[in-house]
Amino acid sequence: MVKNEWTVLLPAEIHLAGPESIADIATTVKRDEYDTRMQLLADAERFDAIITRIERIDREFIDSASNLEIISKHGVGYDNIDVDAATENGVLISNTPGTNSRAVAEHAITLLLAVRRRLRQADRAVRAGNGGKYDVVTNEFQSDTIGLYGYGDIGSEVANLVSGLSMGCLVYDPYVDETELSTHVTKVESTAALFEQADAVSVHAPLTAKTRNDISEAELRQLSPSGILVNTARAEIVDRDALVSSLEAGAIAGAGIDVFADGPPSEEYPLLEYENVILTPHIGAQTTEALTQMSVESADNVRSAYNGTVPESALNSSELS
Ligand code: NAD
């Protein structure tokens with residue numbers, strides 16, 4: 001018997017490679033074809049699968065989508081998906097591990113170097129015609145140590161990249177065994193030790209109940225006044241007020257931030273005021289290579305579910321019957 005085509009909801013922006021690869025089994029609909037959330041909810045029953053980037057997939061949507069078989073995350077962090085609601089409704093969740101690790105790792109290093117070398121101020125000085133008077137002196141990284149909060153696909157890629165910069169590398173990751181670390185990487189057992197011993201810390205853990213606000217005043221104040229915090233993971237892992245007060249007090253030298261709690265920050269976002277903070281709009285994974293890979297693998301996961309098989313990256317299959 002020939003199976004019916006599936007209907008798959010796509011994010012507004014997605015590389016065409018993925019949707020094209022499932023054209024033989026699915027009709028696709030882009031999210032921005034709906035003007036309002038109410039319209040989308042009213043149509044939710046239509047969908048057999050969803051490919052999602054950072055759009056929130058909440059209980060109301062999942063409950064309304066009574067034919068849904070899979071929520072296929074285009075990317076890694078799935079904190080935008082209500083996992084309990086999906087599991088209770090028998091809906092598989094999958095993601096695309098490793099597809100953006102190089103892109104995000106490169107971005108984290110870019111932010112780190114740009115904050116240290118004060119590229120924001122330097123660029124502004126040149127554009128304002130003051131380049132000749134700009135004589136800020138900074139330090140090299142070669143005798144410095146980076147601390148990684150999280151040593152999964154992205155953290156370990158950052159570790160590889162910094163070895164090329166002759167930097168030391170410390171890791172705090174309670175779920176990684178010492179034997180899994182590269183030879184130039186040393187594990188520490190607490191966030192306090194990580195922040196105390198590192199010259200800069202880069203965040204690469206998922207947002208969970210345990211990591212939410214886990215980097216707070218106590219940790220940031222362990223960094224030295226030349227210390228830098230880079231966050232390309234999730235905003236909510238770092239206590240924002242603590243970061244602001246550490247910057248205000250000059251307790252750290254600066255920060256590089258790619259992630260914001262509720263989408264793009266408004267004019268009131270407190271970090272906008274700081275010259276020593278570089279902000280980027282969640283572009284860590286925005287390389288052609290990563291976007292293609294995420295699109296293709298998230299579509300592959302839809303195909304697996306269509307074929308009645310469980311994608312390798314399924315996150316809740318053990319809880320589904
Ligand atoms: P991963 O699952 O491969 O690695 C995450 C690591 O964090 C794991 O090794 C895990 O053991 C560790 N971890 C979990 N809880 C921890 C804790 N309490 N303290 C320290 N470490 C902990 O994921 P990844 O591919 O490396 O991605 C990491 C995160 O980066 C994602 O969850 C996502 O939120 C974020 N991300 C951001 C972008 C971006 O565009 N800026 C792109 C991709 C991923």
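Check the entry above for the structure.
Since this is a predicted model, take the numbers as computed values, not measurements.

Let's talk about the overall build of the chain
Item 1. Tallying secondary structure elements over the chain gives 11 helices and 12 strands in all.
Item 2. Computed over its C-alpha atoms, the radius of gyration of the chain comes to 21 Å, within 12% of the 20 Å expected for a compact globule of 321 residues.
Item 3. Expressed along its principal axes, the backbone C-alpha trace of the chain runs to roughly 70 × 50 × 30 Å.
Item 4. A burial count over the chain gives 50% of its 321 residues as buried.
Item 5. Long-range contacts, defined here as pairs at least 24 residues apart, represent 61% of the contacts in the chain between residues at least 6 apart.

Remarks on the sheet that holds strand S6 (residues 145-149)
Item 1. Taken together, seven strands build an open sheet; the order of strands is S8-S7-S6-S9-S10-S11-S12 and the sheet is parallel. Edge positions in the sheet fall to strand S8 (185-187) and strand S12 (277-279), since each has one partner strand and no second. Taking each pair of neighbouring strands and ignoring which way they run, the sheet shows an average axis angle of 20 degrees.
Item 2. Bridge analysis of strand S10 (residues 228-231) against strand S11 (residues 254-257) gives four bridges, and the strand direction is parallel. Opposite valine 230, over in S11, you have glycine 256 as the bridge partner.
Item 3. Strand contacts of helix H7 (residues 153-163): S6, strand S7 (168-172) and S8, with the helix running at about 170 degrees to S6, the strand carrying the most contacts.
Item 4. Seen against the sheet, helix H10 (residues 240-248) touches S10, S11 and S12 and runs at an angle of roughly 145 degrees to S11.

Here's the deal with the sheet that holds strand S5 (residues 92-94)
Item 1. Strand order in the open sheet formed by five strands is S2-S1-S3-S4-S5, with parallel pairing between adjacent strands. Either end of the sheet is taken by a strand with one partner, and the two such strands are strand S2 (26-30) and S5. Between one strand axis and the next, the sheet turns by 20 degrees as a mean value, whatever way the strands run.
Item 2. Pairing between strand S4 (residues 70-73) and S5: three bridges, direction parallel. For serine 72, the partnering residue across the bridge sits in S5 and is serine 94.
Item 3. Strands in contact with helix H11 (residues 288-306) are strand S1 (6-10), strand S3 (49-52), S4 and S5; relative to S4, the strand with the most contacts, it is inclined by about 160 degrees.

Concerning the site of the ligand
Item 1. Taken together, the neighbourhood of the ligand is formed by 27 residues, with Asp153, Ile154, Asp173, Thr232 and Asp258 sitting nearest.
Item 2. A distance of 2.9 Å separates an oxygen atom of the ligand from a polar atom in the backbone of isoleucine 154.
Item 3. In the environment of the ligand, a nitrogen atom lies 2.9 Å from a nitrogen or oxygen atom belonging to the side chain of aspartate 258.
Item 4. Its atoms largely coinciding with the cavity grid, the ligand occupies the largest pocket.
Item 5. Residue classes in the shell around the ligand are distributed as 13 nonpolar, nine polar and five charged.

Let's talk about unusual backbone geometry
Item 1. The backbone phi angle of arginine 118 is positive, close to 50 degrees, even though this residue is not glycine.
Item 2. Mapped onto the fold, arginine 118 is located in the loop between helix H5 (101-116) and helix H6 (119-127).
Item 3. With phi around 55 degrees, asparagine 213 is a residue other than glycine that occupies positive phi space.
Item 4. When its relative accessible area of 40% is taken as the criterion, asparagine 213 is described as partly exposed.

Thresholds, definitions, all that
Residues numbered from 1 in each chain as written. Predicted model: local features only at pLDDT ≥ 70, side-chain atom pairs only at ≥ 80, totals over all residues. Heavy atoms only, no water. Helix = DSSP H or I, 4+ residues; strand = E, 2+ residues; numbered from the N terminus. Rg over C-alpha atoms; globule rule 2.2 N^0.38 Å. Buried < 20%, exposed > 50% of the residue type's maximum accessible area, 1.4 Å probe, protein only. Contact = heavy atoms within 4.5 Å. Pairing = 2+ DSSP bridges. Axes fitted to C-alpha atoms, helices over the stretch in contact; angles between N-to-C directions. Near = heavy atom within 4 Å. Polar contact = N/O pair within 3.5 Å; in protein donor to acceptor, adjacent residues only side chain to side chain. 1 Å grid on protein atoms, 1.4 Å probe; cavity = no way out; pocket = protein on both sides within 12 Å on 5 of 7 lines; lining within 4 Å. Sits in = over half its atoms within 2 Å of the grid points. Nonpolar A, V, L, I, M, F, W, Y, C, P; charged D, E, K, R; others polar.

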